[in-house]
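Fold and geometry: a report
Each chain, letter by letter, is given below.
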Amino acid sequence: MDNLQLKDLYEGFRDPSVIKALAKQINIEAKKLEKPLYIMEVCGGHTHTIMKYGLKQLLPTNIDFIHGPGCPVCIMPKERIDHAIALSEQKDVILLTLGDMIRVPGSKSSLAEHRAKGYDIRPLYSPMDALGIAQDNPDKKVIFFAIGFETTTPMTAALIDRTVKSKINNLFFHINHVLVPPAVDAIMADKRAKINAFIGPSHVSVISGAKIYLRIPEAYKAPVVVSGFEPVDVMQSILMILRQRNENRSEMEIEYSRSVTLEGNTKAQELINTYLHPRGHFRWRGIGDIPDSALELRPEYAKYDAEKIYADVLPQEPIDDHKLCICGEILKGLAKPHDCSVFGTACTPNKPLGSCMVSSEGACNAYYRFAEV
Amino acid sequence: MKDIQLSHGGGGEETNSLIRDLFYKAFENETLLAAEDAALLKVEKNIAFTTDSFTVSPIFFSGGDIGKLAIAGTVNDLAMMGARPLYLSAAFIIEEGFAFDKLQMIVDSMAKELKKSGAKIVCGDTKVVPRGSVDQIFINTAGIGEVIKEGISSNDLHLDDVIIVTGDVGRHGAAVLMEREGLGINGDIQSDCDTLWPAVEALIDGNISISAMRDATRGGLSAVLNEWAEQSSVCLEIEEAHIPINEPVQGICELFGFEALDFANEGTAVVCVAPLHAQMALDILRSTEVGKNAQVIGRVTNKKEGKVILFSSHGSSRYLDLPKGELLPRIC
């Protein structure tokens, strides 16, 4: 493995001739479809791949994508963003978070606007950087506003583990980690949902295992394929779904066999379970309240829980999106970004009204940025 | 002298010795040494005039430093208008306590970069501000050049013109990103920071019909292409696979989810030339050091006015948009 280059990990999976060959097979297989195929790609990373590589253009008209809720920034309700803003205003606080969270508008302001006012808000590339910041600023209270699906949760858990074991007493956590399967159930509970197949995110299953989807094919009579994020992965997954449909099967299959197993990373799962457990309910932006769909710190670690420590100053009232915003319908696959009256006009990546426009993984942002010709 | 002190910006003896021993030595020329209140200059032709401030963090990065950048940045802006860079001003705002050795290194690097275009620093200013008022050092340079090739304009791209990049894209942005504290990654990425004048002069000497030229600084290649499409009301059709991107740069993009096309460059330009001159322009560029990786990436059409269309090798296409958000502050 000495000479392994990063490009070896993706080059073959972007090979134009392979993409074209898969497109050809998909087009042949799709002729046999009795009903149109509505594939929900649950994760925003897949939406990004589909738009960036223009994959939809290579598919027949009886296959459509429905862009799912798997963008951690997009599903964050305004009141939780207001939490981050309120925390940053507290005395001696340094607020840390990841990437796009900085730009998401809360009810009155965004973290970026707040930072411009002089509050100490820092975006991190790696959660582990929080340790150094806490150690370098012993007289400050450093709060990590943790976001993400199953994929990023282990990093937060590892950070909590280091904080606890190194007895760092000025690093606190505001946990917003959410889970994929309950969100899928919530979307399918809407009788209007047209989805009849799923592409599941491979990175989630690298951690949680493919087992988390085992009951979905049975429950919704829909194939699930756990897919990688390169264009060849996505095309291959579509072909696998088509074959299942045409053979009248509804099963969970793994396309991303290079890293995903049924059980997943049990070490990471143990680490997460040590420090975090499901919270009773969590309100998803655009979808609403979903039981057991997010995590929180276990009560024995309450002294690290910024949500408990600062409970008095954190707003609790739910705040809905702008009334013209249809992110909720888009997240459920009932509308496309172009169906929204403010898409690209009043709502743009520079001035997002709704959550789907904010992150590069949001459906509206991807449509805006990688618009098809 | 170990550190710069407030007295070095006070206008008295210490200021004079800093100017004499450091700046005059490094930038020596008659006009500067005349030490008048303003430089007296004589220019025969139409002149191009530009200014830029440099606040890059870190001030020393792989492939360059704030001094090299301050010269290359302003010289390149002149070159992009077909102007031979002649005279520059240089103003330094320095934080109290800044190490003199570092200032010496920055000034030496500026002097070295000036040699590539033959431009001279003919006037300058030094301010020292209390600790915390600036982050180490900020530099402003302004420059004038004589226009030796008229008519180069971002507002005047012609149908069927050919788009060339002078080298692989995104290296400056990637290099600065990699150097940022706390990122903890190592890699062989050097900023492309360089003076483009030798390549531009070669194109002009070769009588290439140049419609437009722009160095792809902040906003990267994406920004230049979009600005051109909009300013000239044309469509730019670009072959994605033809855009040169160096492997470690692509690697850093993969790791962090960036696009190399959005990353800043500091020694890479986009050149739009008449179709008949495209091959000649490419050959000329490739014969220069700074243009040795030049590549034709697309052409000007009227398919969709004001838009840039990116074609993939697997048969799909999409619009290329301007980069959004705070990709990286203080990149230059």
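All of these numbers come straight from a predicted model, not from anything done at the bench. (Residues numbered from 1 in each chain as written. Chains lettered and ligands numbered in written order. Predicted model: local features only at pLDDT ≥ 70, side-chain atom pairs only at ≥ 80, totals over all residues.)

**Some points on the environment of A:Thr151**
Residue and element names in this part refer to chain A. Within the secondary structure, Thr 151 sits in the loop between β5 (141–148) and α7 (153–165). C-alpha separation for the pair Thr 151 and Ser 202, spaced 51 residues apart in sequence, amounts to 9.2 Å. Aside from chain neighbours lying at most four places away, what touches Thr 151 is His 203, Val 204 and Ile 207. (Helix = DSSP H or I, 4+ residues; strand = E, 2+ residues; numbered from the N terminus. Contact = placed C-beta atoms within 7 Å.)

**Looking at the sheet that holds strand β1 (residues 37–43) of chain A**
Picture the strands of a sheet paired through backbone hydrogen bonds; they go either parallel or antiparallel. Residue and element names in this part refer to chain A. Strand order in this open sheet of five strands is β2-β1-β7-β8-β9, and the pairing throughout is parallel. Two strands close off the open sheet at either side, each with one partner strand: β2 (63–70) and β9 (252–254). With strand direction ignored, the average angle separating the axes of adjacent strands in the sheet is 25°. Note: strand β8 (residues 224–227) against β9, three bridges, orientation parallel. (Pairing = 2+ DSSP bridges. Axes fitted to C-alpha atoms, helices over the stretch in contact; angles between N-to-C directions.)

**Considerations on the sheet that holds strand β11 (residues 295–301) of chain B**
Residue and element names in this part refer to chain B. Strand order in the open sheet made by the seven strands is β8-β10-β7-β11-β9-β12-β13, with mixed pairing throughout. Edge strands, defined here as strands with exactly one partner in the open sheet, are β8 (210–215) and β13 (317–319). Averaged over neighbouring strand pairs, the angle between their axes works out to 25° when direction is ignored. As paired elements, β8 and strand β10 (residues 269–273) share five bridges and run antiparallel to each other. Paired with Ala 212 across the two strands is Cys 272, which belongs to β10. Each of β7 (162–165), β10 and β11 is contacted by helix α9 (residues 278–286), which is oriented at about 10° to β7, the strand it contacts most.

**Quick look at the domain arrangement of chain A**
Residues and elements named next belong to chain A. Under the domain assignment, chain A is made up of domain 1 (37–321) and domain 2 (327–369). In this structure, domain 1 and domain 2 have C-alpha centres spaced 18 Å apart. For the side of domain 1 that touches domain 2, the elements supplying multiple residues, two or more each, are α3 (44–52) and β2. Counting residues per element, the side of domain 1 that touches domain 2 draws most heavily on α3, which supplies five residues. Residues belonging to the side of domain 1 that touches domain 2 are distributed by class as follows: 15 nonpolar, six polar and seven charged. (Domains from an automatic or database assignment. Nonpolar A, V, L, I, M, F, W, Y, C, P; charged D, E, K, R; others polar.)

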